[in-house]
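Breakdown of the fold
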Amino acid sequence: MAFNTFCRLLGRSALLVAGLLLCLQTAFAQDLDEVRKRGVLRHLGVPYANFITGSGDGFDVELMQLFAKELGVRYEYVQTNWNDVIGDLIGKEIRYKPSVQEVGPRPIRGDVIANGMTILPPRVKLLDFSEPTFPSAVWLLARPDVPVAPIKPSGNREQDIKATKARMALGTTFVMDNSCLDPTLYDLEGKGLKLKRFNGSTNINDVVPAMLKRESDMTLLDVPDVLVALELWPGQIKVIGPISEEQRMAAGFRKDSPELRKAFNAFLARTKADGTYMRLVKKYFRVAPRYLPDFFRDLPPTR
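Residues numbered from 1 in each chain as written. Predicted model: local features only at pLDDT ≥ 70, side-chain atom pairs only at ≥ 80, totals over all residues. Heavy atoms only, no water.

Overview of the pairing of strand β2 (residues 74-79)
Judged from the 6 bridges that link them, strand β1 (residues 40-45) and β2 form a sheet pairing that is parallel. By the bridge assignment, leucine 44 is partnered in β2 with valine 78. A crossover links β1 with its parallel partner β2, the connecting element being helix α3 (residues 59-71), and its sense is right-handed. (Pairing = 2+ DSSP bridges. Helix = DSSP H or I, 4+ residues; strand = E, 2+ residues; numbered from the N terminus. Right-handed = clockwise from strand over helix to strand, strands pointing away.)

Dropping the structure here:
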């Protein structure tokens, strides 16, 4: 056999072995029993709002640390980004456009996603979500100098969304594909609006600073990030109105991790019942109950 032919066959064999190892990892690194045997809960996250601050704490960081403690395992934070976070959980390369597709294997890097991830239809095809961990919605923001007036709430969410979308015709608006700020989720494409893809980074935290630097007149933003932004930049942002109906955020699990998801749901219910949950809310999103009262109304006070 010629040496070059031998080398080609050897290379193909190496690729086959690598693929087999990825498949084995996907098959055996899955549910609650495996997490306990491994002795560590790997928390996949993207620094975002106050869910993961990037300084070693955050609402979801503390929630997952408590969950790991309850399971009797060590907590490990695994940082990723919005483009890769789902693939890092399910062990698949994901293509989102023109439709959601799994296009190949990749290493599994974590057991659960928790970083203020909104439950959205494209994500439900890939993940199983926990019970809601936080309320959300998408609003339109602008700088005070932009000549766009906030809407007057009508008491009808559908009418308010329509009025807010009409305001978008008055300037450029940041949007972000494959996120909760994706314009395709809110029927904004093909409407003659000046949509500007935010490409400065894959971190939603960077959208408002870019708007304040006049790279865009307005931006879509989800409510938890709005609450943080209003505190970070008082007087430099105005809320124009809602773009979406009320949404929910939750922890994401592989579809073949039902017992881990079940254990987390039971844990989450206990934290809500004993006041631990509201302690974390008031620590990281202290004004959230004022802006989103329906979600928090029936929860007991902090412990």
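Comments concerning the environment of asparagine 178
As for its position among the elements, asparagine 178 is in the loop between β9 (172-175) and β10 (194-197). The spatial distance from the C-alpha of asparagine 178 to the C-alpha of tyrosine 96 is 6.9 Å, given a sequence separation of 82 residues.

Re unusual backbone geometry
Phi is positive for asparagine 178, close to 60°, though the residue is something other than glycine. A residue is classified by how much of its surface remains accessible, and asparagine 178, at 27% relative accessible area, is partly exposed. One non-glycine residue, aspartate 187, lies in positive phi territory at about 55°. With respect to the secondary-structure elements, aspartate 187 resides in the loop between β9 and β10. (Buried < 20%, exposed > 50% of the residue type's maximum accessible area, 1.4 Å probe, protein only.)

Quick notes on the pairing of strand β3 (residues 92-95)
Sheet topology places β3 next to strand β4 (residues 101-105); 4 bridges connect them, and they run antiparallel. Bridge pairing in β4 links arginine 95 to glutamine 101. Two successive antiparallel strands, β3 and β4, enclose a turn made up of 5 residues.

Here's the deal with the nonpolar core
Ranked by internal contacts, the top residues of the largest apolar core, which has 90 residues, are Phe59, Ile86, Phe134 and Leu220. Per-element tally for this core: the top contributor is α3, with 7 residues. Residues contacting leucine 220, with those up to four places away along its chain left out, are Val138, Trp139, Leu140, Met168, Thr173, Phe174, Val175, Leu181, Tyr186, Leu188, Val207 and Ile243. (Core = buried A, V, L, I, M, F, W, Y, C linked by side-chain atoms within 4.5 Å. Contact = heavy atoms within 4.5 Å.)

So, helix α10 (residues 276-284)
When α10 is considered as a whole, its buried residues turn out to be Thr276, Tyr277, Met278, Leu280, Val281 and Tyr284. Where α10 is buried, its residues meet α3, β7 (134-136), α9 (258-274), α11 (288-291) and α12 (293-296).

Looking at the packing of aromatic side chains
Taken as a whole, this structure holds 16 aromatic pairs when the rule is applied. Ring centres of tyrosine 48 and phenylalanine 51 lie 5.8 Å apart, and the angle between their planes is 25°; on these two criteria the pair is classed as stacked. A connected cluster of aromatic rings, assembled from ring pairs, spans Tyr48, Phe51, Phe59, Trp82, Phe134, Tyr277, Phe285, Phe295 and Phe296. (Phe/Tyr/Trp six-rings, centres within 6.5 Å; stacked < 30°, edge-to-face > 60°.)

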